[in-house]
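# Architecture and fold: a report
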Amino acid sequence: MLILFSTLVLAVIALGVWFRERPTLHIPLMSTAFAMDLGLLLYIEFTRHAVEKLGETMQSPTPDGLLYFHVAVSGLTLVLYFVQIFTGMRLYKGTTANRLLHRSGALLFIGCRLLNYITSFFVVQN
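All figures in this text were calculated on a predicted structure; none of them were measured in a lab.

### Focus on the nonpolar core
Within the largest apolar cluster, 14 residues are counted, with the highest numbers of intra-cluster contacts made by Val9, Val12, Ile13, Ala33, Tyr81 and Phe109. Residue assignment for this core shows that the elements contributing at least two residues are helix H1 (2-18), helix H2 (23-48), helix H4 (65-92) and helix H5 (99-120). The residues contacting Tyr81, other than those within four sequence positions of it, are Val9, Ile13, Ala33, Phe34, Asp37 and Phe109.

### Quick word on the packing of H1 against H5
Each pair of packed helices can be described by the angle between their axes along with the distance between the axes. It is the contact of H1 with H5, at a shortest axis distance of 11 Å, that shows an interaxial angle of 160°. With respect to H5, the element H1 is oriented roughly antiparallel. Of the two elements, H1 crosses H5, and the hand of that crossing is left-handed. Contacts from Ile3, Ser6, Thr7, Val9, Leu10, Ile13 and Val17 in H1 reach Phe109, Ile110, Arg113, Leu114, Tyr117 and Ser120 in H5.

### Side note on the side chain of His70
Here His70 shows up in helix H4. The contact partners of His70, leaving out residues within four places of it in the chain, are Asn116, Thr119, Ser120 and Val123.

### Observations concerning the packing of aromatic side chains
Using the criterion set out here, one finds 4 aromatic pairs in the structure. Relative to Phe82, the ring of Phe34 has its centre 5.3 Å away and its plane inclined at 75°; by these criteria the two rings are edge-to-face. Placement of Phe34 in helix H2 and of Phe82 in helix H4 is noted, with a sequence separation of 48 residues between them. Arranged with centres 5.2 Å apart and planes meeting at 90°, the rings of Tyr117 and Phe121 form a pair that is edge-to-face.

### Description of the environment of Leu80
In this structure, Leu80 sits in helix H4. Sequence-wise, Leu80 and Leu107 are 27 residues apart; in three dimensions their C-alpha atoms are separated by 10.0 Å. Apart from the residues within four sequence positions on either side, Leu80 is in contact with Leu108, Phe109 and Cys112.

### Some points on the pattern of salt bridges
Scanning all chains against the criterion turns up 1 salt bridge. A salt bridge links Asp37 to Arg113, with the nearest nitrogen and oxygen atoms 2.8 Å apart. Taken together, the residues span a long stretch of sequence, with Asp37 in helix H2 and Arg113 in helix H5 at a distance of 76 residues. In this structure, Asp37 and Arg113 share a single accessibility class: buried.

Rules behind the numbers
Residues numbered from 1 in each chain as written. Predicted model: local features only at pLDDT ≥ 70, side-chain atom pairs only at ≥ 80, totals over all residues. Heavy atoms only, no water. Core = buried A, V, L, I, M, F, W, Y, C linked by side-chain atoms within 4.5 Å. Buried < 20%, exposed > 50% of the residue type's maximum accessible area, 1.4 Å probe, protein only. Helix = DSSP H or I, 4+ residues; strand = E, 2+ residues; numbered from the N terminus. Contact = heavy atoms within 4.5 Å. Axes fitted to C-alpha atoms, helices over the stretch in contact; angles between N-to-C directions. Parallel < 35°, antiparallel > 145°, perpendicular 65-115°, else oblique. Left-handed = near helix turned anticlockwise from the far one by under 90°. Phe/Tyr/Trp six-rings, centres within 6.5 Å; stacked < 30°, edge-to-face > 60°. Salt bridge = Lys/Arg side-chain N within 4 Å of Asp/Glu carboxyl O.

What follows is the structure in structure tokens.
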């Protein structure tokens, strides 16, 4: 179920990228993707206590490197969402100096979000 929802988030992101030249579609699509992803993150935390389990895993004699990578990529994805929101708002208001930063951030964001999606298949789902 969570993978299906995460796949839907990626589809909304893809649509947002597809309509990147049309702010009246791009902004609502990307805002929706952010809200969905944030909701997914909160759902996972409240139902699986992910942060607590991560702490327990850190105490383990055999740490799970893939889990740490997944968490790091997930955190970076969240940070990049905010970078995209900030630069996108400035771009929309007419500050074109942010266009390169917004595009570069988008490439990093998409790469991190895809890594998050791929690694989620391999992280132990207890």
